[in-house]
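An overview of the molecular structure
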Amino acid sequence: MAVATQRRFDLLRVPLVGRFLRWRHSRTAMQTVLLVLAALILLDGFAGIQIAPRNLAGVLPWVQWRGLLVLALLIGGNFFCMACPFMLPRRLAKKLFPATRAWPRRLRNKWLALALLVLFFWAYEAFDLWASPLLTAWVILAYFVAAFVIDAFFRGAAFCKYVCPVGQFNFVSSLVSPLEVTVRDPNICASCSTKDCITGRSMKSPQPAAHAPAAALGIAAIGVEQVGVGRPASFQPGCELWLFQPQKVGNTDCTFCLDCVHACPYDNVGMLARSRTDELADDARRSGVGRWSTRTDLAVLVVIFVFAAFTNAFGMVAPFYVVQHWFSTMFGPWSVHALFALLLAVLPLLLVGATAWASRMLSGTHDGVVALATRWSYGLVPLGFSMWLAHYLFHFLTGALTFVPVLQEFVARWVGPLLGAPRWDLAALVPQSWLLPVEIVALDGGLLGALMVLYRIARREHAHEATARRAFVPWAVLVVLVFAAGVWLLLQPMDMRGTLRG
Amino acid sequence: MARRKDDARVVCYMLFMLLCAVLAGCGRTQQADATISLKVAQSKVGTTPVDVQLHDSKGEPVSGASVKLRGDMTHAGMQPVLVTMDDLGNGQYRAANFPFGMAGDWVLTVDADLPDGKHVERMFDVRDVKE
């Protein structure tokens, strides 16, 4: 019999916050707020002034949303997937259409989502999405349409798990988040026969027989008391990303939807604190995911996530244009695309491949380079996340308050000066002198986390300590080099060029 | 009953979205009462003079207007530069020390309140301001 977990911090038990999150409509409430914001962004993006700093579609997605996203992932977890407004058209789709099809077996991996994520990163650079309110609005509208169409045809949360590029970014980032949705006491799950956390349950008719095992443990089945004569009937779905709680490990593919929390009749699922590095070195078989060591698609997603962080930041500093100019002598008008392909495909492939090869040589293992790279790549996540954090925090801390005058101007344009004259003096949250230290500290944390995880992977792979250290060295060199590149990037003068109007 | 309420809620959301998308099609246009030309002395980080020439629809220079110059970078998240231009007469206006605070692409907006009470606004792209 499994040993009950020690008591850990559980956000769902915190007064007010926990109560709100446990409320069955908390997710809808949050999604509604973001839906209203999305509607305003669409309106201003299509019909407003086509200068990003003066448009809600230029400000909210690229300054406030990105900054709050990484902060939420750093401090808590995947709360933005929890509050995702694209889930509302999805719910509508599932009401209007049968959605009985299973997602195609050949596509039950991350390759499609990865391709879309790369496409998004490419479009961001090629079309300067951050400088174009109109294109930003089109991207957001496309997301709504895609979520609607896909989940109108396919069962479960196929869009979230296999398609959504933003979701994949959040999934990878949440691998280092301090909270995870997980069972409180494994003993209760061991005696549960209904598996409501994944099958869902009807709230209409309680099934005492099904809950007998829990009753034997002296635990009242939650929901029996809640359902009575005159209460509305409804079905509470289980996990639509097919993560069975007793076998779920960490945050992979978890959208923090809390369906499992609401479905569990024993209130045995919580949002518990954990070590940020535990999940990355764990190759346990994960429900709905399998073993990371066999998931090359996941490993490639991780590598792209990491190198895209540095590529994305590089695109905003002066040396990028020097390199681009040099590339244009060879590739002409295709220079941006060639540079993008180099930084996001060729370079990661070479670096990770060479590192895996070196680790293989030093440790004497006979596994293939791809298999090795797959098993070790997850160690890079902390460094990749820290670069995203540094980059997005820079923009957030320098411009968090810019939404105020933009919103004032937007309301004035459509309704009248209800919010007063725009306060264009509002922008930064912190003094300029704080920015570089914050960014460097973030990168430092990422380097430290990466080294810790990589060493734990080394010990997992090799029982002999000396062999583990030899296998670890090339990966440590890689992360230190990438870290150094990140520090160099942060020290470069910014040079922000972008799509101009028209 | 709860299911119907839930349906209604989702439908309302989507109708709201649709309304916004429709409204989005209703663009706004500006009447061109005057012609404005702009000249930046130097596209370089630091301060530089910026000159504006204002003519009415008949090509006559317009003096006595209240002209403001606004500078934004193409990327959101930066505080704009807001300057009131000096009237040099004969339809010429100048911002003697307009600060380009960062390298990159800028958009300068000339915002003029004309003596006849009309208002005109024009935007100008200033590419590749260098270090």
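Residues numbered from 1 in each chain as written. Chains lettered and ligands numbered in written order. Predicted model: local features only at pLDDT ≥ 70, side-chain atom pairs only at ≥ 80, totals over all residues. Heavy atoms only, no water.

**Side note on the overall build of chain B**
Definition in use: A run of H or I in DSSP becomes a helix once it reaches four residues, and a run of E becomes a strand once it reaches two; helices and strands are each numbered from the N terminus. Burial classification: accessible surface area is computed with a 1.4 Å probe over protein chains only, and a residue below 20% of its type maximum counts as buried, one above 50% as exposed, and the rest as partly exposed. Should any heavy atoms of two residues lie within 4.5 Å, those residues are counted as being in contact.
The number of helices and strands found in chain B is one helix and eight strands. Secondary structure elements of chain B, listed N to C terminal, follow the sequence α-β-β-β-β-β-β-β-β. Out of the 131 residues belonging to chain B, those deemed buried represent 37%. Taking the intrachain contacts of chain B between residues at least 6 apart in sequence as the baseline, contacts between residues at least 24 apart amount to 57%.

**Considering the overall build of chain A**
We count it as follows: In this setup the radius of gyration rests on C-alpha atoms only. A globule is expected at 2.2 Å times the number of residues raised to 0.38. Lys and Arg are tallied as positive, Asp and Glu as negative. Neither His nor the chain termini are counted. For charged residues, the charge sits on one atom: NZ in Lys, CZ in Arg, CG in Asp, CD in Glu.
Across its full length, chain A carries 21 helices and five strands. Scaling as 2.2 N^0.38, a compact globule of 502 residues should have a C-alpha radius of gyration of about 23 Å, and chain A matches this with 24 Å. The C-alpha extent of chain A, read off along each of the three principal axes, is 75 × 70 × 45 Å. When contacts within chain A are restricted to residue pairs at least 6 apart in sequence, long-range pairs at least 24 apart make up 80% of them. If you average the places of the 43 positive and of the 26 negative side-chain charges in chain A, the two averages end up 6 Å apart.

**Concerning unusual backbone geometry**
In the Ramachandran plot, A:Trp242 falls in the positive-phi region, its phi being about 60° despite a non-glycine side chain. Of note, A:Trp242 is situated in the loop between β3 (235–236) and α13 (259–263). The exposure class of A:Trp242 is partly exposed, given its relative accessible area of 34%. Phi at B:Asp128 takes a positive value of approximately 55°, unusual for a residue other than glycine. Turning to its location among the elements, B:Asp128 is positioned in strand β8 (residues 119–129).

**Quick look at helix α17 (residues 369–376) of chain A**
For α17(A), the complete set of buried residues consists of A:Leu372, A:Ala373, A:Thr374, A:Arg375 and A:Trp376. Residues of α17(A) that are buried in the fold lie against α14 (296–314), α16 (335–363), α20 (435–461) and α21 (465–491) of chain A.

**A closer look at the layout of surface pockets**
Residues and elements named next belong to chain A. Going by this rule: We place a 1 Å grid over just the protein atoms. Points where a 1.4 Å probe fits but has no way out form a cavity, open points with protein on both sides within 12 Å along at least 5 of 7 lines form a pocket, and any residue with an atom within 4 Å of a point lines it. Grid points are joined across faces, edges and corners, and a volume is the space filled by probe spheres set on the points. Under the scheme applied, nonpolar residues are Ala, Val, Leu, Ile, Met, Phe, Trp, Tyr, Cys and Pro; charged residues are Asp, Glu, Lys and Arg; polar residues are all the others, including Gly.
Of the pockets and cavities examined, the second largest pocket occupies roughly 970 Å³. In terms of lining, the second largest pocket is formed by 44 residues, of which the most central are Leu60, Pro61, Trp65, Arg66 and Phe80. When contributions to the lining of the second largest pocket are tallied by element, the ones reaching two or more residues are α2 (26–47), α3 (56–75), α4 (79–82), α6 (111–126), α7 (133–153), α9 (165–173), α18 (381–399) and α19 (403–414). When residues of the lining of the second largest pocket are assigned to their parent elements, the largest contribution, nine residues, is made by α3. A per-class count over the lining of the second largest pocket returns 36 nonpolar, six polar and two charged.

**A short note on the confidence of the model for chain A**
Here is the rule we go by: pLDDT is defined as a per-residue confidence score from the predictor, taking values between 0 and 100.
On average, residues of chain A score 90 in pLDDT, and 92% of them reach the 70 mark or higher. Segment residues 207–233 of chain A is flagged for pLDDT under 50; beyond a separation of four residues in sequence, or across chains, it makes 35 contacts in the model.

**Here's the deal with the packing of α2(A) against α7(A)**
In a pair of packed helices, the angle between the axes and the distance between the axes together describe the arrangement. All names here are of chain A. How we decide: Interaxial angles span 0 to 180 degrees and are taken between N-to-C directions of axes, which are lines fitted to C-alpha atoms, for helices over the stretch in contact. Oblique is the label for any angle not covered by the other classes, which are roughly parallel (under 35 degrees), roughly antiparallel (over 145) and roughly perpendicular (65 to 115). By convention, the crossing between two helices is left-handed when the near helix turns anticlockwise from the far helix through less than a right angle, and right-handed when the turn is clockwise.
Two numbers describe how α2 lies on α7: the axes approach to 8 Å, and their chain directions differ by 135°. Comparing their axes, α7 and α2 come out oblique. As α2 runs across α7, the sense of the crossing is left-handed. On the side of α2, the interface is formed by Leu35, Ala38, Ile41, Leu42, Gly45 and Phe46, while α7 contributes Pro133, Leu134, Ala137, Trp138, Ile140, Leu141 and Phe144. Across the contact of α2 with α7, the residue classes tally to twelve nonpolar, one polar and no charged.

**Re the pairing of β8(B)**
Residue and element names in this part refer to chain B. Convention followed: Pairing between strands is defined by DSSP: at least two bridges between the two strands are required.
Pairing analysis gives nine bridges linking strand β7 (residues 103–113) to β8, with the strands arranged antiparallel. For Leu108, the partnering residue across the bridge sits in β8 and is Phe124. Following β7, the chain reverses through five residues before pairing antiparallel with β8; Gly117 in that reversal takes a positive phi of roughly 90°.

**Let's talk about a nonpolar patch on the surface**
All names here are of chain A. We apply this condition: Only residues above 30% relative accessible area that lack a salt bridge enter a patch, with like-charged residues linked at up to 9 Å and the nonpolar side chains Val, Leu, Ile, Met, Phe, Trp and Tyr linked at up to 5 Å. Accessible areas in this description were obtained via Shrake-Rupley with a 1.4 Å probe; residue shielding takes into account the shown protein chains only. Salt bridges are identified by distance alone: a Lys or Arg side-chain nitrogen within 4 Å of an Asp or Glu carboxyl oxygen.
Residues Phe127, Leu134, Leu135 and Trp138 make up a contiguous nonpolar surface patch of about 370 Å² in total accessible area. Tracing the chain through its elements places Leu135 in helix α7. On the accessibility criterion, Leu135 (30% relative accessible area) is partly exposed.

**With respect to α9(A)**
Judged by how many residues are buried, α9(A) sits mostly within the fold: eight of nine residues are covered. Buried within α9(A) are the following residues: A:Pro165, A:Gly167, A:Gln168, A:Phe169, A:Asn170, A:Phe171, A:Val172 and A:Ser173.

**Structural notes on empty space enclosed by the protein**
All names here are of chain A. One pass over the full model with this rule turns up six cavities of 30 Å³ or more. Empty space within the largest cavity amounts to approximately 120 Å³. Taken together, 15 residues line the largest cavity, and the ones lying closest to its centre are Cys189, Cys192, Cys197, Cys264 and Tyr266. Per-class residue counts for the lining of the largest cavity are eleven nonpolar, two polar and two charged.

**Some thoughts on the nonpolar core**
Just so we agree on the cut-off: The definition of a nonpolar core used throughout is a set of buried Ala, Val, Leu, Ile, Met, Phe, Trp, Tyr and Cys residues joined through side-chain atoms within 4.5 Å.
Judged by nonpolar contacts, the single largest core of 177 residues is most densely connected at A:Val181, A:Met271, A:Leu383 and B:Leu54. In this view, A:Val181 contacts A:Gln245, A:Lys248, A:Asn251, A:Cys254, A:Phe256, A:Leu258, A:Cys260, A:Val261, A:Val269, A:Gly270 and A:Met271; residues no more than four positions away in its chain are not counted.

**Some thoughts on the confidence of the model for chain B**
Averaged over all residues, the pLDDT of chain B is 84; the fraction at 70 or higher stands at 75%. We note a pTM of 0.89 for the whole complex and an ipTM of 0.81 for its interfaces.

**Re the environment of A:Thr194**
All names here are of chain A. Note the threshold: Distance and chemistry together define a polar contact, namely a pair of N or O atoms within 3.5 Å, with one atom able to donate a hydrogen and the other to accept it when in protein, and with adjacent residues in sequence counting only for side-chain atoms on both sides.
Here Thr194 shows up in the loop between α10 (186–190) and α11 (196–199). Residues Thr194 and Pro265 lie 71 residues apart in sequence; the distance between their C-alpha atoms is 9.5 Å. In this structure the side chain of Thr194 is engaged in a polar contact, spanning 2.3 Å, whose partner is the side chain of Asp196.

**A look at the sheet that holds strand β5 (residues 86–89) of chain B**
All names here are of chain B. Within the open sheet, the four strands sit side by side as β1-β2-β6-β5. Their pairing is antiparallel. Each of the sheet's edge strands pairs with one partner strand only, and the pair in question is β1 (34–40) and β5. Going from strand to strand, the sheet's axes swing by 30° on average, the running direction of each strand aside. Here β1 pairs with strand β2 (residues 46–56) via seven bridges, running antiparallel. The partner of Val40 across the bridge, within β2, is Val50.

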